[in-house]
Amino acid sequence: MKKTYRLIISCILSLMLLLSGCGYSLPDIEHHLMEDAFSDGAVVYRTLYASEVVSLNYLTDDSIVDSIISVNVIDDLVDYDDHGNIIPGLASSWESSDDLTKWTFHLRDGITWVDYNGEYYADVTADDWVCAYEYAKTDKTSSVSVASVEAKDDKTLIYTLNEPCPFFTSLLSYSCYLPVCRAYLDKIGNLFAKDYKHLLYNGAYVLHYFQPFEQQILVKNPSYWDKDNVFIDRIENRFDYDATDVSTSMYLNGSIDRAIVPSEKLKTYLEDPEISDHIHRTRPNNTASNFYAFNFYPRFDSKYEPENWAKAVANENFRKAIMYSIDRVTLLSIYEPYMPTLLLSNTITPPGTLYINGQDYASLPSLKEITERDSYNLSLTSYYRKMARKELREAGCSFPIKILMPYDPSVEGWGLEADKIAVQIEAALGRNFVDVIVEAGSSTGFEMSVINSGKFALTKCSTSSDYYDPQTWTDPLVDGSNYTFWEKCEDEEVKKLNQGWNSLVKDAAAITNDFEKRYSAFAGAEKYAIDHAIVIPFSILNGDGYEMCKLNEFEGEYSHYGYASNRYKFKKIHDKSMNLEEYYAAYWEWIAGF
C-alpha cells in the first residue's frame, strides 16, 4: 500500500512539474528558429549514453563527460585539423613576442553569441576572454602563469605571461581560456549555466534541449562562422543506464547510429558475417599513457613488510629484473585480442603524440633504441636477478620479497591483468625470490586511496597530456606528484637519481627558443628515468574498443591532448559503419599523414 501511495504522489509531482512554467518540456518543433535542423531532410545522428553531465559551466569544469557537450557548443581561439595541427578558430591569426611572454590574438569577423533557440544575443569580442579570466580566476593546467589578459579593442586580445611559454596555443581549449559574454553574465549572475536556457553559444552547435537523465539535443548553429564545415544538422543523445547492454541491438535495428560492442560479445559478433560487416575498432587513445610505478616510500600494512620492500626497490638491478620479466603484449591482449601491439608503448611519452620537424618524439636519438625494443627479455631478467639477489642479501633483505600489487576492480580487465603479471614475475624470478600479492583496491577513488597514499609496492598508473610539449609527460615523476615518491627515498643512490633527473628536466624546460633542442633535452630526461627503471612503460589507452558507428572519426578534428576529438564538426554520417578491413585502411592512411 505504501509503495502504491508513493507511486501516486510521484506521478502527481511529475505532472505538476511538466505543466509548470519552470519545468522542462520538449522543444517546440513547430515554432523554432532552426527549421533546417528539424526538417524532413535533416541529417540526424542518434546515440545512447549512460554517464550524465554534472555541470554545464564550461568556465569551471573540464571533466571528460561534461566536455562532450561544451566542446561542441563553445569555440576556442584556435581550432584543430584531422591530424592535431593547430589552425585558426575564433582567432584568425596570432603572434607572440620574441621572449614568448606576450601573445596577441586577432579575432575574425562575423562571430556571435546566440541563445538556445539560435537567436542572436551579441557579437563575440575580445573582452569576453577578459571576463572569463576574471570569472574563472585559475589556470587548471598549472603549466603557465598569466600576468594579465587585456582587450586592446573589440578584435584584439593580449595575454601577458609571467614566464616564457612555447606551447601556449595548445592550452587555449581549457576552461580558463574560453570566452563568456560579459553583458549576459552580468545580467543573469548566479543563474549562469544552471541549465541549457541560461547559456550562450558560439560554437558549431547549440544545446537546444537538455533534460538530465532523459535527452540532449544539439542543433546546428545557424549563425556559426564556419557552418559550411558542419554536416550534421541535429544530434540526439538519449540517456539509458543500460546503454552498453542495449546499444548493439538498437544499432542493428536502426534505432541509433553508434554502439560500443561489449568485449564479451565481440568474438561472437565478429564470427557473424552479417554483424561483423558493421564492426570496427576505435582509434587507440594516445593522449594518455599507462606505466607500472615502483613505490620508493611504502606506507602499506606491516604484514606486507614495507621496510623490506624499501630496501629491495632501492636496488636498480632488482627493478630491472622485474621490468624485463613482464610480457606486455600478452597482458594487452586482454584489452585488444586481435592486435595488442597497437596499444604498446615502450616510452612514457607514447609514439605518435609529439612531432618535431616531422619526426616522432619517441624516435628521437635518445629514445629510438627504447622505442624499437621489446623490454620482455628473460635472459636479462636472469642476469639482473642474479646480481640483485647478491646485493639484496648483503643489504639485509629477507626472501621472498613481498610485492603488494593492488588493482582497481572497477576497471574492466585490470584484475585479470594483475593476476597474469603476478604469474609472469614469479615465474621469471622464482617464488623463493619474490611473492607477488594481488589485491583489489577501492572501486571508488582508487588513485587517491591507493596510489597517492603510497599503499602499494608496484601498480599500474596513468598520466595524460595537458598540452603539446614533452614537459607534460614529466608530471608523474615530478617531486610531490604522489606516484613513485622517489624524492622521499632514503637510499643515497635513489636520491642521486632523483636529483639527476630533476636537473635534466629543469635544463630542458629552460630551453624556450629552440624546439629541437628542447625536445631532445626532454627525451634525454625520459631515457634517464627508463634506463634506471624508475617506472616501467606499458601502454596507451584502448579508446572505446570496438564499435558500430556511421561516423568516420578520421574525418573530424583531432588533438594529442584535451577533448577536440569529441567535436562533431567536419564529421559526416555515412550509410553504414566501417568494417575492420575498411577501418585499418583508413587508420594506416591517417597515420601516414603525420
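Going by the structure above, here's the rest.
These figures come from a predicted structure and were not determined experimentally. (Residues numbered from 1 in each chain as written. Predicted model: local features only at pLDDT ≥ 70, side-chain atom pairs only at ≥ 80, totals over all residues. Heavy atoms only, no water.)

### Observations regarding the overall build of the protein
Heads up, the condition is: Per the convention used, a helix needs a DSSP run of H or I reaching at least four residues, while a strand needs a run of E reaching at least two, with both numbered from the N terminus. Radius of gyration here uses only the C-alpha atoms, and the compact-globule reference equals 2.2 Å multiplied by the residue count raised to the power 0.38. Any two residues whose heavy atoms approach within 4.5 Å are treated as being in contact. Computed by Shrake-Rupley with a 1.4 Å probe, the accessible areas treat only the displayed protein chains as cover when residues are assessed.
A tally of regular secondary structure across the protein gives 17 helices and 22 strands. Against the globule reference of 25 Å for 594 residues, the protein gives a C-alpha radius of gyration of 26 Å, in line with a compact fold. Judged by the C-alpha coordinates and their principal axes, the protein covers about 80 × 65 × 50 Å. In the protein, 72% of the contacts between residues at least 6 apart in sequence involve partners at least 24 apart. In the structure as shown, the protein presents an accessible area of about 26,300 Å², 51% of it carried by carbon and sulfur atoms.

### Examining helix 8 (residues 306–313)
The criterion, for reference: Classification of residues uses two cut-offs on accessible area relative to the type maximum, computed with a 1.4 Å probe and protein chains only: under 20% is buried, over 50% is exposed, and between them is partly exposed. It is the directions from the helix axis to the C-beta atoms that the arc portrays.
Taken together, the buried positions of helix 8 are occupied by Pro306, Asn308, Trp309, Ala312 and Val313. All buried residues of helix 8 lie within an arc of 155 degrees about the axis, which places them on one face of the element. Elements in contact with the buried residues of helix 8: strand 15 (285–294), helix 9 (316–323), helix 12 (378–394) and strand 18 (401–407).

### Digging into the packing of aromatic side chains
Which entries qualify depends on this criterion: Between 30 and 60 degrees the pair is tilted, below 30 it is stacked and above 60 it is edge-to-face, where a pair is any two Phe, Tyr or Trp rings, Trp via its six-membered ring, whose centres lie within 6.5 Å.
Summed over all chains, the structure comprises 46 aromatic pairs. Note on phenylalanine 554 and tyrosine 583: the rings are 5.6 Å apart at their centroids and 40 degrees apart in plane angle, and the pair reads as tilted. In this pair, phenylalanine 554 is assigned in the loop between strand 22 (546–549) and helix 17 (580–592) and tyrosine 583 in helix 17, connecting sequence segments 29 residues apart. Like tyrosine 583, phenylalanine 554 is buried. Their ring planes at 75 degrees and their centres at 5.2 Å tell us that tyrosine 583 and tyrosine 584 sit as a pair that is edge-to-face.

### Points about the nonpolar core
Where we set the bar: Only buried residues count toward a nonpolar core, which is a set of Ala, Val, Leu, Ile, Met, Phe, Trp, Tyr and Cys residues joined through side-chain atoms within 4.5 Å.
Ranked by internal contacts, the top residues of the largest apolar core, which has 78 residues, are Tyr159, Phe168, Tyr177 and Phe192. Discounting chain neighbours no more than four positions away, the residues touching phenylalanine 192 are Asn57, Tyr58, Leu59, Tyr135, Val180, Tyr184, Leu185, His198 and Leu199. Ranked by size, the runner-up nonpolar core spans 77 residues in total, among them Val313, Trp414, Leu429 and Phe485.

### A look at the sheet that holds strand 5 (residues 102–107)
As a reminder of what qualifies: Whether two strands pair comes down to DSSP finding at least two bridges between them. Axis geometry follows a simple rule: fit a line to the C-alpha atoms, using only the stretch in contact for helices, then measure angles between N-to-C directions, giving values from 0 to 180 degrees.
In space, the four strands of this open sheet follow the order 4-5-9-8, with antiparallel pairing throughout. With partners counted over all chains shown, the strands left at the sheet margins are strand 4 (91–96) and strand 8 (146–153), one partner each. On average, each strand axis in the sheet is tilted by 15 degrees relative to the strand beside it, whichever way the strands run. Bridge count for strand 8 against strand 9 (residues 156–161) is six bridges, and the pairing is antiparallel. In the sheet register, glutamate 150 faces strand 9, and the bridge partner there is isoleucine 158. In this fold helix 3 (residues 127–136) packs onto strand 5, strand 8 and strand 9, with an angle of close to 150 degrees to the strand it touches most, strand 8.

### Section: the sheet that holds strand 1 (residues 44–49)
Read across the sheet, four strands follow the order 1-12-11-10 without closing on themselves; strand pairing throughout is mixed. Looking at the sheet topology across the chains shown, the edges are occupied by strand 1 and strand 10 (205–211). With direction set aside, neighbouring strand axes in the sheet form an average angle of 15 degrees.

### Quick look at the packing of helix 11 (residues 365–372) against helix 16 (residues 515–531)
Angle between the axes and distance between the axes are the two parameters that describe a pair of packed helices. Here is the rule we go by: In what follows, roughly perpendicular refers to angles from 65 to 115 degrees, roughly parallel to angles under 35, roughly antiparallel to angles over 145, and oblique to any angle outside these ranges. Crossing handedness: left-handed means the near helix sits turned counterclockwise from the far one by under a right angle, and right-handed means the same turn made clockwise. Residues are sorted three ways: Asp, Glu, Lys and Arg are charged, Ala, Val, Leu, Ile, Met, Phe, Trp, Tyr, Cys and Pro are nonpolar, and all the rest, Gly among them, are polar.
Running from N to C, helix 11 and helix 16 point in directions that differ by 40 degrees, and their axes come no closer than 8 Å. On the basis of the axis angle, helix 11 is oblique to helix 16. The interaxial crossing formed by helix 11 with helix 16 has left-handed handedness. Residues Ser366, Leu367 and Ile370 of helix 11 touch helix 16, and the partners they reach there are Ser520, Ala523, Gly524, Glu526, Lys527, Ile530 and Asp531. Along the lines of polarity and charge, the residues of the contact of helix 11 with helix 16 split into four nonpolar, three polar and three charged.

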